[in-house]
Structure formats: structure tokens, C-alpha cells
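Notes for the structure review
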Amino acid sequence: MAEMYNHHTVEKKWQKIWEEEKAFKVSEDYSKPKFYALVEFPYPSGQGLHVGHPRPYTALDIVSRKRRMQGYNVLFPMGWDAFGLPTENYAIKNHIHPKIVTKNNVARFKGQLQSLGYSFDWDREINTTDPDYYKWTQWIFLKLFNAGLAYKKEMPINWCTSCKVGLANEEVVNGVCERCGAPVVRKVKSEWMLKITEYADKLIKDLDDVDYIEKVKVSQKNWIGRSEGAEVDFILKDKDEKLRVYTTRPDTLFGATYMVISPEHPLIDKYKDEITNWEEIQKYREMAARKSDFERTELAKDKTGVVLGGMSAINPVNGKEIPVWISDYVLMSYGTGAIMAVPAHDTRDWEFAKKFDLPMIQVVEGKEGPVDINEAAFTDVATGKMINSEFLDGLEVTEAKEKMKDFLEEKGIGNRKVNYKLRDWVFSRQRYWGEPIPIVHCEKCGYVPLDESELPLLLPEVDSYMPTDNGESPLAAMTDWVNTTCPCCGGPAKRETDTMPQWAGSSWYFLRYTDPHNTEALASKEALKYWLPVDWYNGGMEHTTLHLLYSRFWHKFLYDQGIVPTKEPYQRRTSHGMILGENGEKMSKSRGNVVNPDDIVQAYGADTLRTYEMFIGAFDLSASWSEDGVKGCRRFLERVWKLQTIMTDEEGYSADMETKMHQTIKKVSQDFESLKYNTAIAAMMALINDFYKKNAVTKGEYKTLITLLNPVAPHITEELWQIIGGEGRVYETTWPEYDEAKTVESTVEIARCSGQRKDTCNFEDRQG
RNA sequence: GCCGGUGUGGCGGAAUUGGCAGACGCACAUGACUCAAAAUCAUGCGGGUAACACCGUGCCGGUUCGAGUCCGGCCACCGGCACCA
């Protein structure tokens, strides 16, 4: 009689053996075909692993284990994205150095991951807070600086009132801080910026060459927000002054009935003395400036504004005089900060015109019939044709756009122009626990980069990590660190005290895994050439416009510098759905629906947890946790275990099972590669049900099942392999092959339809 | 408002290119084993009927011998962006 399945002993036993045998150590043999599987490295928080973590990790562990058995040299690494605010806050609160906090959290996370039996090559573990690592983060920053892509700018930034830190646009959600939910206000500060906008076009265009799930591509494109249009110069009446606007609808130029400029537009101050209602203008500007981002979005629908008294503009195409208004629906940060308003054909202009009773001129008519612009703006480009527009009359909108652009360029009153919603990346953080920015400021020489030989610039020990109310980094108080000499002239200079954002270390970590202990370069040329690009990268949708975009930007920059051999870092990108609580809500302490993976591993075993998380539902959709579902998966593994008792000694497949075996191999092989883990497992469940139905399984069938199941449940399958006398280890065996011809059942179907294809097989035949 | 996604049993979810809807699992019911329970095993399990018939994939219509799948028009929910000219 077979022994009972005891997951405690089985899992401990095999984890130890794998470690001793260095089972998953990556081979340095660059002649083998390679496969680079990557999951987002976690932030080692104090809470420990969440049940959400194992979902993507198990998925790519499955693929990695399968690919190894198929003869690939697989790189499946893990590390720690360990700089960041929660660690720093915890350190402040508990008076422990962030370094110690990180060390403890990493140890906990690593233990948890190891208890789940992942096939990571732990010899390649990396940590972004390790000076040997962040040396290269700083090195890349210097490259960016020397290429003119890192610059310092005095600008209004998103300031989180609670974290006391500047945020990137991507980190502000609905006007509040993405991390803590506190309101974000504008604050003018001198900040380090990275020119991601320089890469806007490449970041869009090269999406064509990679295999990302569609919604990721769409989100990135929308976020970058490319639009094609024209800039047009209007003339301020009686002044030698042009007022330049940006528009995507140059075809509607004859319909412009007024102009609007942003409250921050510099022209307002310039003509201060000539504006007849200065006090009113001043009041409006103050009100607009006081609005927080949150209020601005809340009040977005209701248009406000004030006319600029004593000013008017001339439409360059027809010489008509039109008024100029200021309103906060025009943003200084986009285009030129000024627009021509065409209320008949733009919804926002229409609302504004209705509210202030401004005139409208219709210049586009519906092709299929008249439209009433008193009801709503007519904005449909596809079904319009031009009217009231002199030389454009009768043209389709798209034709008219081009004709007008030509006209503007010919007459020298405008030009074609592409704009982006994407802003440059605010790269400064006024916090302690981040990479120091390797720049010094010298009165004489300006911002001077450190020499490469001075890297890493170590994070100094400070007495207090407390963020300051005045917006200065805690490092600023370290005067003996701050005061230094200029690398350029040798005179007195001050170090930069802001640190890098958490996104810095994660923007290139996948490069380091290829050669993690290199002291001469971020990775050797050979390693990069062999391993890149990452073949399959899985990660959360929440990083689409943050980490994923940032790292593509850095990679493209490094490519242009000749440092990496590929234009794109990741060939394939997939995303997993969230695991929700039993009640269908997001897991959180306050809702009391949090499941701790340690408890599941303890009670049911890692193999059960892995199987369950893969079986829970479609990989890309969110799914609710169910303890009964966990039990079902445990039951399945026990039934696999007990197949021993009905095993026969035959090495091959029995005749009646042959088709089923080949079908299952095919299904599992394909499903593992296409995110359909749930149906792969269902196929294996169906297979063992068949074994039990006939109360027999051959040794050959059992071995195939064990191999197919091994990537999902690696411990129990190694144990079974050993019990039934399999040679060597499952992890180093060969992935089963299937014969396409043997997957087809010989059926009555063919006889019934007399071998005809479905198109020729008519309904009556099928009835007969 | 714009973009993307999803609607299938009591529940999670399956259904290559249109071809037996509900695979697989959970829950439930009945039976076997047990003094009993749990576990395990067996059987059943969309609605409807004594059994058929018949009705069933969010709603309305269309194409087709045949529609969960394709086309047109709606509705609901989820996610993202949100005054980007």
C-alpha cells in the first residue's frame, strides 16, 4: 500500500535537493537556444508576500520549467526593488535604519518564495539598494546627463502634502497621491527632469514590432497622446505681436470666433498696462492658481473665464477681428497655451460660447443632411464637408485640413506640428531612501557630473530620515556630505541632495540579471547579446504607463548609446488579473478578507496553492479567492498521488488511451504557452478521471502525466517520479512529444458525412 | 464624455476557423463504507416533462442548413484616461 501524501515532507525534501543540486542554475553555454522569462521583481514590503504574487510567478515558472525540459537555456531570475517610501516610513516610525528594514523584509520574502518552489536561479538575485547595483543606475543617469537628456528645471511640480515629496505625472491619480491618497498641490521647485518626450515617437512606433497584449499598447499610445495638427499665428490688433495657437482642426479656421489663452500665459503680464479690466483678470488668475488638481478635475465641466479688455486678435485667413479671453480650460502645459475657439465644431468651445453668449460660425456641414449647431457642436470629421470657408468650400474635412496646412505654410502664417500629451519625467525625490543623484553644483561651473570612477556615490548615514516641510531632502542637513569640491574647477561645490525615484532601479534591472556580478560594466556585451530581448515579461497593468514605459525609454536610450543590442527590451508582454477576496472585493486588512499564502502552504502545500492559482480562472481576468476551490485542487493532487495503486508495469500507452494521451500532451503544451493554465489543468483532471474509470494506468501513461504536471506542481511530481522508479529527475527529463496524427479520433462523424467537408455536408445529410 | 474589456447553470469557468452549449472544478442531492460523522468511492445535477417534445449563452433584429461565436442597433457592469485644443 502506498504511503499517504504528506506535502510537508515532500516539499521540504525536494526544495533541499534542488538547492543542493543547483537544479535551476543558468548555463553559461551561449550555443544553446535561450529563453528569458521575466516577472516583475517585488517591492519587499513589511507585509510579506500577498496571495496575488504567486499568480504571475507560478505562470512563468511553469513556462520556464517546460522550456528547460524542451532543451532551452532558461533565465528566470528574481530580485528586489527595495528603495522606496514605505520602508523609509517604517524606518522613521520604528527608529530602525532602512537598510536593516530592507534586509529583514528581503529575508522574509525570499523564504516565502522559496517555500513555493520556484525555479529561480538564486545565484543571480539582485537588490536595487545594493551599492554594486545602484552604481550602474547612477552610471546610466550620468550617460543621460551627458547626452543632454537629464536637466534641471524650475517648475511647478505635483507635491504630495503627506509624503512631502514631488511626484511624476504618472503617480498622480485623480488629483491625489497614487500611494497615500493625500491631496496633491502645485509647488514650484527646481527638479531633475528626464527628456522622455524626446523618445515619444519611437515609443509609439516600435510598439508595432513587439508582442504586447493589445490593451497595453493602446494605453501607452493614449498616454503618449500624439496628435497631428498645425500652429497658426494670429495677430494682436494694433500691436506688433503674434499670438500662436495649436489646433488639430486647421480646416475650421474660418469658424474661429474668439481666442482663449491660459491664465498663466506670459502675454497677459506683458500687456498688463493696456488691459482695461486688469483687476478682474488678476482675480481670475489667482482663483485658477489656487485650485488644486483635485478641484480642477471636479469642476472640469463648468466653464469659467474673463474677456481680456482692450485686446483683440485678427484671424490671419480672413482678417476678421475677434476677442481674446482667458480661461483655465486652456492649459499652459499643452500646445502653446493658447487656442483659437471654433464653437460650432468643438464641444468645449461650444460650451464656453453658450455660457458667455459668443457667436458661432458653422464651417462644416453634414454630408448626409443639415446639422443644428445650436443643439451641439458638430465634431464628426468623417461625415462633414466644408462650407463658409472660401477656398475650402466643398472639400471633405480631411482634404481641407491638408489644404489649409499647405496654405498656412505657403503664406508663412503657420506650420504643421505634432504634439504629445506626454510630459518629461520628474526624476527628483526629496527623500532619503533612494539612489543619490551623482551631480554637484558649482557656483562657477553649474551642474557638474561626477566622474564614473567615483561611482557608486554612496548614500551617507544620516541622523534623521524625516522628510522636511520646506521640501528639502533629508540629505540636505548632512553638511559634511553636501559640501564638496567641484570635479571641474576644484572650487567649493554642493552635492545634489535629491534622490532618484523608485522607478530608476527598475528601469534596467532585467539587464543586470544577464550578468549580475560584473564589476566592469552593467553587464557584458556577450551576455546582453545572448539574452536580450526578454522573451516573455509578465506584469501588472498598473505599470503600463509607469515602469513599462520608463524602462522602454531607458532601453532605447541605451540602445542609441550602443550599450544594449536591441531596440526594445521585451519581446512579449502579458498581464495577470488580480486575486480578490472571497467576497469579490479587493483584498485589504480593513475589509478583513486577506489570505496569507503561508497559511495555505502550511495547510495544503505549495503544490496545491500553485495549482489552485493557475486553475482559479482566466489568467488575465481578476478572480475571487475560494477556499473550497483550494480543497478541490488538493483533492486532484491526491488523486494523482493515488494513481500509484492502480499502476501497471507497461512502459507504453495502452491502446484505448493512446489518442487521449496525445490530445492531452498537445493541449497542455499549447495552453502553457498561451496563458490558458486553467484549461491545461482541466485537461489533466479529465485524463486522470479516465484512468480511474478504467481502474488502470500504465507506467508510461503515469510518467507522461507526471511530466506534464511537473511545471505546475513540481514537488509532488518529483516524489512520484522517484517512487515509480523514474530515471533521474523530472526537472531534467524531456518534455513529452505528441503525434498530431494520433490526436485525431476515428469517428462516426466522417462516416455520417461521407467524408465531405462541412461546406458540402448539407443539413439533410447530417440528419441522416 | 472618450478608449478598452466583460455579460454563458446555484458558483468559478469551458467551447480551434460558425458545427452535439455547459468541459474541468466547487457547491448540492442520493447511494456505498461507518455505530455515527469526516474522509473516500459511485451516481445525478440549466429550465421543463412521468418520459419525450420544447425552451435556454444580457436585450432587439439580421445573415446562415446551422450563431455563445459573424453583422446592425441597444442595455448593464468592470477597468483606464479625462478641458490635451
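Chains are numbered independently. Their residues run from 1 in the order of the written sequence. Each chain takes a letter, starting from A, and each ligand takes a number, starting from 1, following the order in which they are written. Confidence filtering applies because this is a predicted model: local features only for residues at pLDDT of at least 70, side-chain atom pairs given and counted only at 80 or more, and all residues used for totals across whole chains, interfaces and linings. Processing note: side-chain calculations cover all non-hydrogen atoms of the structure and skip hydrogens and water entirely.

**Things to note about the overall build of chain A**
The helix and strand inventory of chain A stands at 25 helices and 30 strands. Each principal axis of the C-alpha atoms in chain A carries an extent, and together these give about 100 × 85 × 50 Å. Buried, partly exposed and exposed residues are distinguished by accessible area as a fraction of the type maximum, computed with a 1.4 Å probe on protein chains only: under 20%, between the cut-offs, and over 50%, respectively. Going through the 768 residues of chain A one by one, you find that 56% of them count as buried. The contact criterion used throughout is that any non-hydrogen atoms of two residues lie within 4.5 Å. Excluding contacts between residues fewer than 6 apart, the proportion of contacts in chain A whose partners are at least 24 apart in sequence is 74%. Using a 1.4 Å probe, the Shrake-Rupley method yields the accessible areas, and only the shown protein chains count as cover for residues. In the structure as shown, chain A presents an accessible area of about 33800 Å², 49% of it carried by carbon and sulfur atoms. Put simply, DSSP marks the helices as runs of H or I at least four residues long and the strands as runs of E at least two long, and each gets a number from the N terminus on.

**Observations regarding the protein's contact with RNA strand B**
The full set close to RNA strand B counts 37 residues, and T248, Y329, Y334, R348 and M685 are the nearest of them. Nearness is judged by heavy atoms alone; a residue qualifies as near a molecule or strand once a single heavy atom is within 4 Å of it. When atoms of RNA strand B within 4 Å of the protein are sorted by moiety, sugar and phosphate together comprise 70%. Each polar contact in these results corresponds to two N or O atoms within 3.5 Å; when the atoms are within protein, one needs to be able to donate a hydrogen and the other to accept it, and residues that are neighboring in sequence are counted only if both atoms are side-chain atoms. Here K303 contributes a side-chain N or O atom positioned 2.7 Å from a base oxygen of RNA strand B. In this structure, a sugar or linking oxygen belonging to RNA strand B sits 2.8 Å away from a main-chain N or O atom of I616. Of all the elements in the fold, those that place two or more residues in the surface near RNA strand B are α7 (214-224), β12 (241-247), α19 (627-642), α21 (677-694) and α25 (763-767). Considering every element that reaches the surface near RNA strand B, the biggest residue donor is α21, with six residues. Looking at the surface near RNA strand B residue by residue, the class counts come to 16 nonpolar, nine polar and twelve charged. Ten residues, namely Ala, Val, Leu, Ile, Met, Phe, Trp, Tyr, Cys and Pro, are considered nonpolar, four, namely Asp, Glu, Lys and Arg, are considered charged, and the remaining ones, Gly among them, are considered polar.

**Some thoughts on the packing of aromatic side chains**
Note on aromatic pairs: the rings of Phe, Tyr and Trp (six-membered ring only in Trp) are paired at centre separations within 6.5 Å, and the planes decide the class, stacked below 30 degrees, edge-to-face beyond 60, tilted for the rest. Throughout the structure, instances matching the rule amount to 48 aromatic pairs. Centroid distance F41 to Y509: 3.8 Å. Interplanar angle 5°. Geometry classified as stacked. Note that F41 is positioned in the loop between β1 (34-39) and α2 (54-69) and Y509 in helix α14 (residues 509-512), a separation of 468 residues in sequence. Like Y509, F41 is buried. Arranged with centres 6.3 Å apart and planes meeting at 15°, the rings of W80 and W122 form a pair that is stacked. In this pair, W80 is assigned in strand β3 (residues 79-80) and W122 in the loop between α4 (98-115) and β4 (126-127), connecting sequence segments 42 residues apart.

**Some points on the sheet that holds strand β9 (residues 184-194)**
Paired strands, in this sense, are two strands between which DSSP finds at least two bridges. The antiparallel open sheet is built from four strands, whose spatial order is β6-β5-β9-β20. Of all strands in the sheet, those bounded by a partner on one side alone are β6 (165-167) and β20 (425-426). Sheet topology note: the strand β5 (residues 150-160)/β9 ladder contains eleven bridges and is antiparallel. Its bridge partner lying in β9, K153 is registered against E191.

**Things to note about the sheet that holds strand β2 (residues 73-75)**
Here five strands make up an open sheet; going across it, the order is β2-β1-β25-β26-β10 and the pairing parallel. Two strands close off the open sheet at either side, each with one partner strand: β2 and β10 (211-212). Pairing analysis gives two bridges linking β10 to strand β26 (residues 572-574), with the strands arranged parallel. Each bridged residue has a counterpart across the sheet, and for Y212 the counterpart in β26 is R573.

**Details of empty space enclosed by the protein**
Definitions used for this entry: grid spacing 1 Å over protein atoms alone; cavity, a set of points where a 1.4 Å probe fits but cannot get out; pocket, an open set with protein on both sides within 12 Å along at least 5 of 7 lines; lining residue, one with an atom within 4 Å of a point. Grid points are joined across faces, edges and corners, and a volume is the space filled by probe spheres set on the points. Taken as a whole, this structure holds two cavities of 30 Å³ or more when the rule is applied. Of the pockets and cavities examined, the largest cavity occupies roughly 270 Å³. Forming the boundary of the largest cavity are 21 residues, of which L85, E171, R179, R429 and Q502 lie nearest the centre. Taken together, the elements giving at least two residues each to the lining of the largest cavity come down to α3 (85-94) and β6. By residue number, the principal contributor to the lining of the largest cavity is β6, which donates three residues. For the lining of the largest cavity, the per-class residue count stands at nine nonpolar, five polar and seven charged. Taken as a whole, the second largest cavity holds about 30 Å³ of empty space.

**Focus on unusual backbone geometry**
Between L455 and the following residue, P456, the backbone shows a cis peptide bond with an omega angle of 0°. For P456, the location among the structural elements is in the loop between β22 (446-449) and α13 (479-482). Omega for the bond connecting L532 with P533 falls within 30 degrees of zero, at -5°, which places this linkage in the cis form. Here P533 shows up in the loop between α15 (525-531) and β25 (536-538). Phi is positive for D357, which is not a glycine, with a value near 55°. When its relative accessible area of 69% is taken as the criterion, D357 is described as exposed. Non-glycine residue N695 carries a positive phi angle of around 60°. Here N695 is to be found in the loop between α21 and β30 (697-698). On the accessibility criterion, N695 (51% relative accessible area) is exposed.

**Details of the side chain of K239**
Relative to the helices and strands, K239 is located in the loop between β11 (227-236) and β12. Polar side-chain contacts of K239 include one of 3.3 Å to the side chain of E274. Residues contacting K239, with those up to four places away along its chain left out, are Y271, E274, G310 and M311.

**Examining helix α23 (residues 714-723)**
With eight of its ten residues buried, α23 lies for the most part within the structure. Those residues of α23 that fall on the buried side of the exposure criterion are P714, H715, I716, T717, E718, E719, L720 and W721. Lining the buried residues of α23 we find α1 (7-21), α2, α18 (606-615), α19 and α22 (699-709). Looking one or two residues past α23, G725 carries a phi angle of roughly 80°, positive in sign.

**Here's the deal with the pairing of strand β15 (residues 321-326)**
Note that strand β13 (residues 258-261) and β15 share three bridges and pair parallel. When the sheet's bridge partners are listed, I261 is paired in β15 with I326. The pairing of strand β14 (residues 306-314) with β15 spans five bridges and is antiparallel. Following the sheet pairing, S312 is matched in β15 by P323. Hairpin remark: β14 followed by β15, antiparallel, with six residues in the connecting loop; positive phi at G319, about 70°.

In short, geometric facts, not functional conclusions.
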